[in-house]
Amino acid sequence: MATPKVIITIAPTGGMAGKHQNPNLPTQPDEIARDVIDCWNAGASVVAIHARRPDDLATCNPEIYRDINSRIRARSDIIINNSTGGGVSGDVVHQLPGGEWETKWSERMKGIDAGAEMCTLDATTVNLVFDGKEIMFNSPPSKNRELATAMQARGIKPEWEVFSPTHLVQDVSTLIAEGLDNDVPYVNMVLNIHRGFQGAMPYSPKTLQFMVDLLPKGAIFGVSGIGPAQLPASIQSILLGGHARTGLEDNLYYAHGELATNQRLTERLVRIVRDMGYEPATPTEARDMLGLSRMSGPKPEFAIR
């Protein structure tokens, strides 16, 4: 009997945390590529990339994404997933005339133009609370459809990011039913970010089980457990037939009071996966599981481990 495979995603940077919170956070292309190659060697098969400007603030600038992507592809065959969520600073946000803050849709759209095989699609509108500001992350149905259509035209597979059950049964299910994800839908459930994302859900075993039960037919899933939820959410996801994610985007600590590195977080998750009787999927195996090998999108050249 074949050993079941688990797709391990490394999320090395994110669009929120800074080096003042953890100096191990990679923000520049060479730092991000270094961590990703180490994590790929440890067993990661997908990387969720957020780009940063030279001043470390958030961006979806496709030139910066291309720089990061090319450094990674030159040395590995890991699946590259570029963010269209961006972050809470830099190019991605602006202040409206009334003083309110909002993410820029035009900037977020740029994330699909760097040749990645996958891109995130946050099919939800939320208010983010960060650094004393309330930031509207405005993703109405029309904009979600625009982004999904543009990704489909480029042969990019969406990673559907959801923060609550409503996101699954409304926007995600609607767009998938319209044919805007042609193969196996991949849903990433982000849990335990509720203190900063209005409408998001805390992690609990019951919450995750409920959301898994609401997945669109045929979908596979992973979980981003934020902060101390990272390990328990990953373990429960695997037990429920899903996949796992780790990295400094989601969790800056290895243990209470002990700052993490992407490498140590990945090595620990790989150990746990194997101790549970599973095996990390190779990037080639993950492409087959995600339907990427059947898509007509980007077919990048890369080094093979």
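Named according to an unreviewed UniProt entry, the protein chain is 3-keto-5-aminohexanoate cleavage protein originating from Comamonas thiooxydans. According to the UniProt record, the Cofactor (unreviewed entry) comment for the protein chain is "Zn(2+)".

Visitor: Looking at this structure, I do not really get the sheet that holds strand β8 (residues 101-103). What am I missing?
Guide: What the four strands build is an open sheet, ordered β7-β8-β11-β10; its pairing is mixed. Only two strands of the sheet have a single partner each, and these edge strands are β7 (93-95) and β10 (126-130). Ignoring which end each strand starts from, the neighbouring axes of this sheet average 30° apart. Where β7 and β8 come together, three bridges link them in antiparallel fashion. What sits directly across from Val-93, in β8, is Thr-103.

Visitor: What exactly am I supposed to notice about helix α6 (residues 205-213) here?
Guide: Every α-helix carries 3.6 residues per turn, so stepping three or four residues along brings you back to the same face. Those residues of α6 that sit buried are Thr-207, Leu-208, Met-211 and Val-212. Taken down its axis, α6 places every buried residue within 130° of arc, on the same side. Exposed residues on α6 whose side chains face more than 90 degrees from its buried face are Lys-206 and Asp-213. Buried residues along α6 sit in contact with β12 (157-162), α5 (165-177), β13 (186-191), β14 (220-225) and α7 (230-239).

Visitor: Sorry if this is basic, but what is going on with the layout of surface pockets here?
Guide: If a probe the size of a water molecule is rolled over the atoms, the empty space left behind becomes visible. The calculated volume of the largest pocket comes to roughly 880 Å³. As for the largest pocket, its lining consists of 45 residues, and the residues nearest its centre are Met-16, Ile-193, Ile-226, Glu-249 and Asp-250. Where the lining of the largest pocket is concerned, the elements lending two or more residues are β9 (118-122), β10, α7 and β16 (253-255). Element by element, the count of residues in the lining of the largest pocket is highest for β10, at four residues. Here the second largest pocket defines a volume of roughly 230 Å³. Here the residues of the lining of the second largest pocket are counted per class, giving five nonpolar, six polar and five charged.

Visitor: What is the right way to look at the packing of helix α1 (residues 29-42) against helix α8 (residues 262-275) in this model?
Guide: The geometry of α1 relative to α8 is characterised by a closest axis approach of 9 Å and an angle of 15° between their N-to-C directions. Accordingly, the angle class assigned to the pair α1 and α8 is roughly parallel. Along this stretch, α1 crosses α8, giving a crossing that reads as right-handed. Of α8, the residues touching α1 (which contributes Arg-34, Asp-35, Asp-38, Cys-39 and Ala-42) are Asn-262, Gln-263, Thr-266, Glu-267 and Val-270. Split into classes, the residues belonging to the contact of α1 with α8 amount to three nonpolar, three polar and four charged.

Visitor: Can you walk me through the pairing of strand β3 (residues 46-49) in this structure?
Guide: Consecutive side chains of a regular strand alternate in pointing toward one face of the sheet and then the other. By the alternation rule, side chains of β3 split into Val-46 and Ala-48 and Val-47 and Ile-49, which are all buried. Relative to β3, strand β2 (residues 8-10) runs parallel, the two being bridged by two bridges. By the bridge assignment for β3, Thr-9 is matched with Val-46. Once you follow β2 into α1 and on to β3, the crossover reads as right-handed. As paired elements, β3 and strand β6 (residues 79-82) share four bridges and run parallel to each other. Looking at β6, one finds that Ile-49 is bridged to Asn-82.

Criteria and cut-off values
- Residues numbered from 1 in each chain as written.
- Predicted model: local features only at pLDDT ≥ 70, side-chain atom pairs only at ≥ 80, totals over all residues.
- Heavy atoms only, no water.
- UniProt positions renumbered as here; feature names shortened; annotations may be inferred.
- Pairing = 2+ DSSP bridges.
- Helix = DSSP H or I, 4+ residues; strand = E, 2+ residues; numbered from the N terminus.
- Axes fitted to C-alpha atoms, helices over the stretch in contact; angles between N-to-C directions.
- Buried < 20%, exposed > 50% of the residue type's maximum accessible area, 1.4 Å probe, protein only.
- Arc of directions from axis to C-beta.
- Contact = heavy atoms within 4.5 Å.
- 1 Å grid on protein atoms, 1.4 Å probe; cavity = no way out; pocket = protein on both sides within 12 Å on 5 of 7 lines; lining within 4 Å.
- Points joined across faces, edges and corners; volume = space filled by probe spheres on them.
- Nonpolar A, V, L, I, M, F, W, Y, C, P; charged D, E, K, R; others polar.
- Parallel < 35°, antiparallel > 145°, perpendicular 65-115°, else oblique.
- Left-handed = near helix turned anticlockwise from the far one by under 90°.
- Right-handed = clockwise from strand over helix to strand, strands pointing away.

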